[in-house]
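So you can see what is in the structure, the chains are spelled out below.
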Amino acid sequence: MSIFDVQGSETETSPLLHETTQTKQKTPLPKLQIGILMLVQMAEPIACMSIYPYINQLIRELDITGGNDAAVGYYAGIIESLFFISESLTVLKWSRLSDRIGRKPVLMIGLFGVGLSMLCFGLSTSFWTLVVSRCICGMLNGNSGVMRSMMGELTDSTNMAQGFALIPITWCFGSFFGFVLGGTLARPQDHWPDLFAGQFWATYPYFLPCAVAASVVSVSFMLVFLLEETLATKRKRYIPSNATGEQLSEEYRSNESPSENMANVPLRSLYIRSIIIPLANQAFLMFLDICIFALMPLFYSTPHYLGGLGFAPQTVGLWMALFGIIDGLFQALFFAKVVDRLGPKRTFYTGISCFIPIMVMFPVMSWLVFSGGADYMVSIALLCQLLLIVAWDISMASILMFITASAPTKNVLGAINGMGQMTVSIARAIGPIFTGSIFAFSKDHNILGGHAVFVVLCIPAVGMLWLASYLPKELQNRDEDE
């Protein structure tokens, strides 16, 4: 029996339908294939997050701002947004393509794009070369939607919470390694002058973390060969050599008819309430999430006189790495238990309710720095904020469960996840530019003591609490529909 045959072997009512009284045994996860998939996924956060600890210092050293520290946020926001702008233009096409040619080829193209862009980023010596490298990464990368489709195809409604919990867990651990990598290996000539004394390292002081990240991506590229294809029409099935004509005909019908038809479903037929509501919630969620992660390194690295913490890239990397490891452990140990107890919708509500307290902690830390508070007080406030962000992150896997359950069949998962990733990319493209610009503007003009950005971001957070009320109380039992 293949790993895919396991998923359809149960027919009872899903325990994820929280308010039902029936329960059934969970289908075991196909551990080997999901393990390989998560290792492949880990390369992306390692590569993408490795630039965050040093991006603000890189902008200062390239003299893009003309020495104006308050303007760093504008350019950091532009560079961070460029990936998502370019991704939003192509991600839906990649996801639709994966519905036709299979998931694996699209994954490999995406990984190639990430690796190439990281090498270009490390060799950049001007603002425009940074722009080109981020655009390359975004245009060639449709992996987020494809990986979610693969997870949906490897799970059923009984083990969906366990499976989708692994996506943010993997992202957290990948982010941890990315933050450490970027913070530790940036400017190696300053830390290990005997090993990195050549002119090359003086010219390209941020190439080492980019090269290591690209190497990790190349390993993930090779791991894709070990994955089994999850798209029904591209899966290899065992056919006995003595199979009859009737058996061959049945095999042909099962492989070709339904999936090929569904892969060509017009997108407008998917514009229905049960799909649009989860996708809209995901777009709001990811907009606010990228705003948090744009603010963290920016606030950490901003000098004291502008109300920031004045951290060096190494310190920024270590704090963000600490968040990554705490977040990953929490999601791994408690997410499925929280969903089983509260249900997906209340779990989602719990997570998004943490956003406003997260924003409040930024001016609290700024006040502690200005008032001459002890370093340990700032560290305690920073740790409290990181714990709130960990609680916020339980909403990530929750919304993925709603999106997967909204699919009428597994054969349109690629299209739905492509639609979702396109809207997410647009939201994430707007987020860093929006956040960085308001941060810089409020610092430049001392609006609300330089803290206007935190107040402004609370407005969409309130809107999201309203939008979340339209999510279904129960997850659709997709297994019975198929």
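Residues numbered from 1 in each chain as written. Predicted model: local features only at pLDDT ≥ 70, side-chain atom pairs only at ≥ 80, totals over all residues. Heavy atoms only, no water.

A. Fine view of the overall build of the chain. Each helix and strand in the chain was counted, giving 21 helices and zero strands. In the chain, buried positions account for 57% of the 482 residues. When the accessible surface of the chain is totalled, it reaches about 19400 Å², and 66% of it is carbon and sulfur. (Helix = DSSP H or I, 4+ residues; strand = E, 2+ residues; numbered from the N terminus. Buried < 20%, exposed > 50% of the residue type's maximum accessible area, 1.4 Å probe, protein only. Areas by Shrake-Rupley, 256 points an atom, 1.4 Å probe, with all protein chains shown as cover.)

B. The arrangement of a nonpolar patch on the surface in detail. Side chains of I356, V360, V364 and V462 sit close together on the surface and give an oily, nonpolar patch of about 280 Å² of accessible area. The dominant element in the nonpolar patch, judged by the number of residues it contributes, is helix α16 (residues 355-370), at three residues. Tracing the backbone through its elements, the reader meets V364 in helix α16. Judged by relative accessible area, which is 31%, V364 ranks as partly exposed. (Patch = residues over 30% accessible without salt bridge, like charges linked within 9 Å, V, L, I, M, F, W, Y side chains within 5 Å. Salt bridge = Lys/Arg side-chain N within 4 Å of Asp/Glu carboxyl O.)

C. Expanded view of the packing of helix α13 (residues 273-301) against helix α14 (residues 313-342). Contact geometry of α13 with α14 gives a least axis separation of 10 Å together with a crossing angle of 145 degrees. As α13 packs across α14, the resulting crossing turns out to be right-handed. Here F293, M296, P297, Y300 and S301 of α13 come into contact with α14, specifically with V316, W319, M320 and F323. Tallied by class, residues from the contact of α13 with α14 come to eight nonpolar, one polar and no charged. (Axes fitted to C-alpha atoms, helices over the stretch in contact; angles between N-to-C directions. Left-handed = near helix turned anticlockwise from the far one by under 90°. Contact = heavy atoms within 4.5 Å. Nonpolar A, V, L, I, M, F, W, Y, C, P; charged D, E, K, R; others polar.)

D. Representation of the confidence of the model for the chain in the model. For the chain, per-residue confidence averages 80 on the pLDDT scale, and 85% of positions sit at 70 or higher. The least confident element of the chain, judged by mean pLDDT, is helix α1 (residues 3-7) at 40; the most confident is helix α11 (residues 207-223) at 93. In the predicted structure, residues 1-22 sits below a pLDDT of 50 and forms 63 contacts with residues beyond four places in sequence or in another chain. Taken as a whole, residues 238-263 scores under 50 in pLDDT and shows 20 contacts with residues more than four places along the chain or in a different chain. (pLDDT = per-residue confidence, 0-100.)

E. Spotlight on the pattern of salt bridges. Counted under the stated rule, the structure contains four salt bridges. A salt bridge links E61 to R187; the shortest N-O distance between them is 3.1 Å. With E61 in helix α3 (residues 55-61) and R187 in the loop between α8 (160-185) and α9 (188-191), this residue pair connects regions lying 126 residues apart in the sequence. With its nearest N and O atoms 2.7 Å apart, the salt bridge here joins R187 to D190. Overall, the relative accessible area of 21% leaves R187 in the partly exposed class. One continuous salt-bridge network, built from bridges that share partners, spans E61, R187 and D190.

F. Region of interest: empty space enclosed by the protein. If you walk through the whole model with that rule in mind, you get four cavities of 30 Å³ or more. Counted as a void, the largest cavity has a volume near 570 Å³. Along the walls of the largest cavity sit 29 residues, with M49, R148, W171, D289 and R428 positioned nearest its centre. Put simply, the parts of the chain that give the lining of the largest cavity at least two residues each are α2 (31-49), α4 (72-101), α7 (143-154), α8, α13, α14, α18 (394-406) and α19 (413-445). Here the lining of the largest cavity gets five residues from one element, more than from any other, and that element is α8. (1 Å grid on protein atoms, 1.4 Å probe; cavity = no way out; pocket = protein on both sides within 12 Å on 5 of 7 lines; lining within 4 Å. Points joined across faces, edges and corners; volume = space filled by probe spheres on them.)

G. Local environment of the nonpolar core. Judged by nonpolar contacts, the single largest core of 136 residues is most densely connected at F121, I292, M296, Y300, M359 and W392. The element contributing the most residues to this core is α13, with 16 residues. Not counting residues up to four positions away in its chain, the partners in contact with W392 are L285, L288, D289, I292, G351, I352, C354, F355 and I358. (Core = buried A, V, L, I, M, F, W, Y, C linked by side-chain atoms within 4.5 Å.)

H. Broad picture of the packing of aromatic side chains. Inspection of the entire model under this criterion finds 20 aromatic pairs. Ring centres of F127 and W128 lie 5.4 Å apart, and the angle between their planes is 70 degrees; this geometry places the pair in the edge-to-face category. Summarising the aromatic geometry, the rings of F200 and W201 are spaced 5.1 Å apart at their centres and angled 90 degrees between planes, so their arrangement reads as edge-to-face. Ring pairing ties together the aromatic residues W192, F196, F200, W201, Y204 and F207, which thus form one cluster. (Phe/Tyr/Trp six-rings, centres within 6.5 Å; stacked < 30°, edge-to-face > 60°.)

I. Molecular detail of the environment of A461. Within the secondary structure layout, A461 lies in helix α20 (residues 452-468). The class of A461 is buried, set by a relative accessible area of 5%. Between the C-alpha atoms of A461 and F284, which are 177 residues apart in sequence, the distance is 8.2 Å. If we skip the residues at most four places from it in the chain, A461 touches L288, F355 and I356.

J. Looking closely at the state of the cysteines. One pass over the full model with this rule turns up zero disulfides. Sulfur of C48: no disulfide; nearest cysteine sulfur belongs to C137 and is 5.0 Å away. Of the residues examined, C48 reaches a relative accessible area of 10% and is grouped as buried. C210 takes part in no disulfide bond, and the closest cysteine sulfur to it belongs to C120, at a distance of 9.9 Å. Taking relative accessible area as the criterion, C210 reaches 0% and is therefore assigned buried. (Disulfide = S-S within 2.5 Å.)

K. Focus on the packing of α8 against α14. Contact geometry for α8 and α14: axes closest at 7 Å, N-to-C directions at 170 degrees. One element, α8, and the other, α14, form an angle in the roughly antiparallel class. Between α8 and α14 lies a crossing whose hand is left-handed. Tallied by class, the residues present in the contact of α8 with α14 amount to 16 nonpolar, six polar and one charged. (Parallel < 35°, antiparallel > 145°, perpendicular 65-115°, else oblique.)

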